[in-house]
Amino acid sequence: MTVVTAGAAAGPEAKRRPARAGARTLRSTGMYLLSVLIGLVVWQLLATKYGPSLVASPRQTLSAARELAADGTLTNSIIASGRRILIGWGLGVLVGAPVGLLVGQIPLVRRLLEPYIEFFRFIPPIAFVTLAVVWLGIGESSKVVLIFYTAVFIVTVNTSAGVMSVSESKLRAAQNLGANRRQILRGIVLPSTVPHIVTGARLAMGNSFLTIVSAEIVAAQVGLGSLIWTSRNYGRIDWVFVGIITLGILGFVFDRVLRIVASRGLRRYGVKL
């Protein structure tokens, strides 16, 4: 009798869980929509106060976006900037994570590379724009290299910090059990460092968007940075707003996709985003 009663009691509770999850999702969506609505109202008030020569209104920006989308300018700019960011950022993560593991794990490598890492990571990518164009030309390589430069040091520093934060007791226990350096790296250090790598990748993604604008302003015929600069030259404030808002939306989408992939694919390593 007790078993039957427990099962009967568990049934309604199991049914209530999806309902509560749905309610939380609905509340979260509602808060997002409310936040966007408040932002649009504030934007409209600022546009009304300062006029279209300084602040384009939401309606003017939407109309400009349609105009740019109709002739393919907006689509081509999104594709060009998105491709450059993904390639440069991806290369930065692929190089920065292994280098960070080596820097954090091997003292000799840390002593050799740390002066260069600490030197170059404080020099902004925009300082190298002219050199990148002179050395690599005005093609895709210069933009990709600048974004790679932006991403690689952020990922390296975060990864090495994650390696050095691994508990010493875990490392000693593994050594006492006879694990070699490779086994310790694969079984303890790398799993503990994955959340730091993901955090570094997210930070690098954000900084890549900062770099793409400066890179495309100097040496690009197409891209969101080029669109913003060209709009300024033509005095089209509404086009400038389109470029800025598109950058924000694109960054939001990229970061959201990264969070979803990392949360689902790396959950066993403690990644929670």
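Whatever comes next refers back to the structure up there.
The structure reproduced in this document is the subject of the present report.

What counts as what
- Residue numbers run consecutively from 1 along every chain, following the written order of its sequence.
- Only residues with pLDDT of 70 or above have their local features reported here, since the model is predicted, and side-chain atom pairs are shown and tallied only from 80 upward, although totals for entire chains, interfaces and linings are computed over all residues.
- With hydrogens and water set aside, each side-chain value is computed from the structure's full complement of heavy atoms.
- Each axis is a line fitted through C-alpha atoms, taken for helices only over the stretch in contact, and angles between the N-to-C directions span 0 to 180 degrees.
- Counting from the N terminus, the helices are the DSSP runs of H or I reaching at least four residues and the strands are the DSSP runs of E reaching at least two.
- Note on angle classes: values under 35 degrees are labelled roughly parallel, values over 145 roughly antiparallel, values of 65 to 115 roughly perpendicular, and the remainder oblique.
- Two helices crossing with the near one rotated counterclockwise from the far one by less than a right angle form a left-handed crossing, whereas a clockwise rotation gives a right-handed crossing.
- We call two residues in contact whenever any of their non-hydrogen atoms come within 4.5 Å of each other.
- For this analysis, a nonpolar core means a set of buried residues of the types Ala, Val, Leu, Ile, Met, Phe, Trp, Tyr and Cys, connected via side-chain atoms within 4.5 Å.
- Three exposure classes are used, based on accessible area relative to the maximum for each residue type with a 1.4 Å probe and protein chains only: buried under 20%, partly exposed in between, and exposed over 50%.
- Stacked, tilted and edge-to-face are the three classes assigned to paired rings of Phe, Tyr and Trp, where Trp is represented by its six-membered ring and a pair needs centres within 6.5 Å; plane angles under 30 degrees give stacked, over 60 edge-to-face, the rest tilted.
- Two limits define a charge over a ring: the Lys NZ or Arg CZ must be within 6 Å of the ring centre, and within 35 degrees of the ring normal.

### Here's the deal with the packing of helix α4 (residues 107–120) against helix α6 (residues 140–164)
Following both chains from N to C, one finds α4 and α6 inclined at 135°, their axes separated by 11 Å at the closest point. Accordingly, the angle class assigned to the pair α4 and α6 is oblique. The chirality of how α4 crosses α6 is left-handed. Each of Arg110, Ile117 and Phe120 in α4 lies in contact with α6, whose residues at this interface are Tyr149, Phe153, Thr156, Val157 and Met164.

### Some thoughts on the nonpolar core
Counting residues in each nonpolar core, the largest one holds 29 residues, and the members touching the most others are Ile85, Trp89, Phe209 and Leu247. For this core, the secondary structure elements donating two or more residues are α2 (58–70), α3 (73–105), α6, α8 (181–218), α9 (224–233) and α10 (237–265). Sequence-distant contacts of Leu247, that is, excluding residues within four places in its chain, are made with Phe209, Ile212, Val213, Leu224 and Ile228.

### Observations regarding the environment of Leu40
As for its placement among the helices and strands, Leu40 is situated in helix α1 (residues 2–50). When the C-alpha positions of Leu40 and Pro58 are compared, they lie 7.1 Å apart, and in sequence the two are 18 residues distant.

### Considering the packing of α3 against α4
In the contact formed by α3 and α4, the axes pass within 6 Å of each other and the chain directions differ by 120°. Relative to α4, the element α3 lies oblique. Taking contact as the criterion, the partners of Val99, Leu102, Val103, Gly104 and Gln105 in α3 are, on α4, Pro107, Val109, Arg110, Leu113 and Ile117.

### Quick word on the packing of aromatic side chains
Counting across every chain of the model gives six aromatic pairs. Between the aromatic rings of Trp43 and Phe241, the centroid separation amounts to 6.0 Å while the plane-to-plane angle is 15°, which identifies the pairing as stacked. In this pair, Trp43 is assigned in helix α1 and Phe241 in helix α10, connecting sequence segments 198 residues apart. With a centroid separation of 5.3 Å and an interplanar angle of 80°, the aromatic rings of Tyr149 and Phe153 are classed as edge-to-face. Pair noted here: Tyr149 and Phe153 are both in helix α6, with a separation of four residues, about one helical turn. Tyr149 sits in the buried class, given a relative accessible area of 15%. Members of the aromatic cluster, connected to one another through ring pairs, are Phe119, Phe120, Phe128, Tyr149 and Phe153. A cation over an aromatic ring shows up here: Arg232 above the ring of Trp229, its NZ or CZ 4.6 Å from the ring centre.

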